Amino acid sequence: MDIEKNQARAETVHVEEEIADTAHLAQREDHDTSKWQSITGNPKAFGWCCFAVLVTLLVSYENQAAGTVLSIPQFRKDFGYFYQGSYVIDAKWQAAFSGAPTAATAVGAIIAGQVADWIGRKYTLMLFMALSYVSITLEFIATSNPTFFAGKLLNGLNVGVLAAVATTYVGEISPLASVAS
């Protein structure tokens, strides 16, 4: 009985050593690859990495740029009221338009991992990018403060999820390349 256990252990150790050697060789091969070889050898991974980074940049930019609409006179006229010779927006709405996306971004970052584990990182990116289109459209067609607020809030959530998931996704799929190349 002890001989069989020892043989099984020896076989297990031998297999583990072979796996470790194979992993070490694969890692060494990755590190010996130039950046250009990594890109041309993995074009789909490179494309998805670019998509993930651009998604985060563009959606985050929209979230910040949409906050500047408060200073546009026509926006104040459409969403505010006339007060002492000019149009103004209530302070509560100004705070909501600025604060809600920030708070929703934090919530989005918190839930991102769970959603990505359920449906996968690629599908999470695609889903929340589509939801971002919906929220931006909602902001664009808004004719009332609550509708504009809903768009800002939803897009803040999207930004949080996309920023959190994009970085982990890129880290998982991007091939390694030599730093010197």
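You'll find the structure just up there.
Rules and cut-offs
- Residues numbered from 1 in each chain as written.
- Predicted model: local features only at pLDDT ≥ 70, side-chain atom pairs only at ≥ 80, totals over all residues.
- Heavy atoms only, no water.
- Phe/Tyr/Trp six-rings, centres within 6.5 Å; stacked < 30°, edge-to-face > 60°.
- Helix = DSSP H or I, 4+ residues; strand = E, 2+ residues; numbered from the N terminus.
- Buried < 20%, exposed > 50% of the residue type's maximum accessible area, 1.4 Å probe, protein only.
- Patch = residues over 30% accessible without salt bridge, like charges linked within 9 Å, V, L, I, M, F, W, Y side chains within 5 Å.
- Areas by Shrake-Rupley, 256 points an atom, 1.4 Å probe, with all protein chains shown as cover.
- Salt bridge = Lys/Arg side-chain N within 4 Å of Asp/Glu carboxyl O.
- Axes fitted to C-alpha atoms, helices over the stretch in contact; angles between N-to-C directions.
- Parallel < 35°, antiparallel > 145°, perpendicular 65-115°, else oblique.
- Left-handed = near helix turned anticlockwise from the far one by under 90°.
- Nonpolar A, V, L, I, M, F, W, Y, C, P; charged D, E, K, R; others polar.
- Expected span 1.5 Å × (residues − 1).
- Bend = angle between axes of the 7 residues up to and from the residue.
- Polar contact = N/O pair within 3.5 Å; in protein donor to acceptor, adjacent residues only side chain to side chain.
- Contact = heavy atoms within 4.5 Å.

Scanning the model with the defined rule gives 10 aromatic pairs in all. Relative to Tyr169, the ring of Trp48 lies with its centre 6.3 Å away and its plane at 85 degrees, an arrangement referred to as edge-to-face. One end of the pair, Trp48, is in helix α3 (residues 43-65); the other, Tyr169, is in helix α7 (residues 145-173), and 121 residues separate them in sequence. On the basis of relative accessibility, which here comes to 6%, the residue Tyr169 falls in the buried class. Their ring planes at 85 degrees and their centres at 4.9 Å tell us that Phe97 and Phe148 sit as a pair that is edge-to-face. Placement of Phe97 in helix α5 (residues 91-119) and of Phe148 in helix α7 is noted, with a sequence separation of 51 residues between them. By the burial criterion, Phe97 is buried, and Phe148 matches it. Ring pairing ties together the aromatic residues Phe75, Phe79, Trp93, Phe97, Phe148 and Phe149, which thus form one cluster.

On the surface, Trp118, Ile119, Tyr123, Met126 and Leu127 cluster together into a nonpolar patch covering about 550 Å² of accessible area. Elements represented by at least two residues in the nonpolar patch include exactly α5 and α6 (121-141). No other element matches α6, which puts three residues into the nonpolar patch. Relative to the elements of secondary structure, Leu127 occurs in helix α6.

Glancing now at the packing of α6 against α7. Contact geometry of α6 with α7 gives a least axis separation of 8 Å together with a crossing angle of 155 degrees. With respect to each other, α6 and α7 are oriented roughly antiparallel. For the pair α6 and α7, the sense of crossing is left-handed. Looking at the contact of α6 with α7 residue by residue, the classes come out as 15 nonpolar, eight polar and five charged.

The subject of this paragraph is α5. The end-to-end C-alpha distance of α5 is 40 Å, a good match for the 42 Å that 29 residues give at a rise of 1.5 Å each. A bend of about 40 degrees at Ile111 is the largest found in α5. All buried positions along α5 are accounted for by Trp93, Ala96, Phe97, Ala100, Pro101, Ala104, Gly108, Ala112, Val115 and Ala116. Following α5 by one or two positions, Gly120 has its phi on the positive side, about 100 degrees.

Here we take up the side chain of Thr124. In this fold, Thr124 is placed in helix α6. Polar side-chain contacts of Thr124 include one of 2.6 Å to the backbone oxygen of Gly120. Ignoring any residue separated from it by four or fewer positions in sequence, one finds Thr124 in contact with Val115, Ala116, Ile119, Val161 and Val165.

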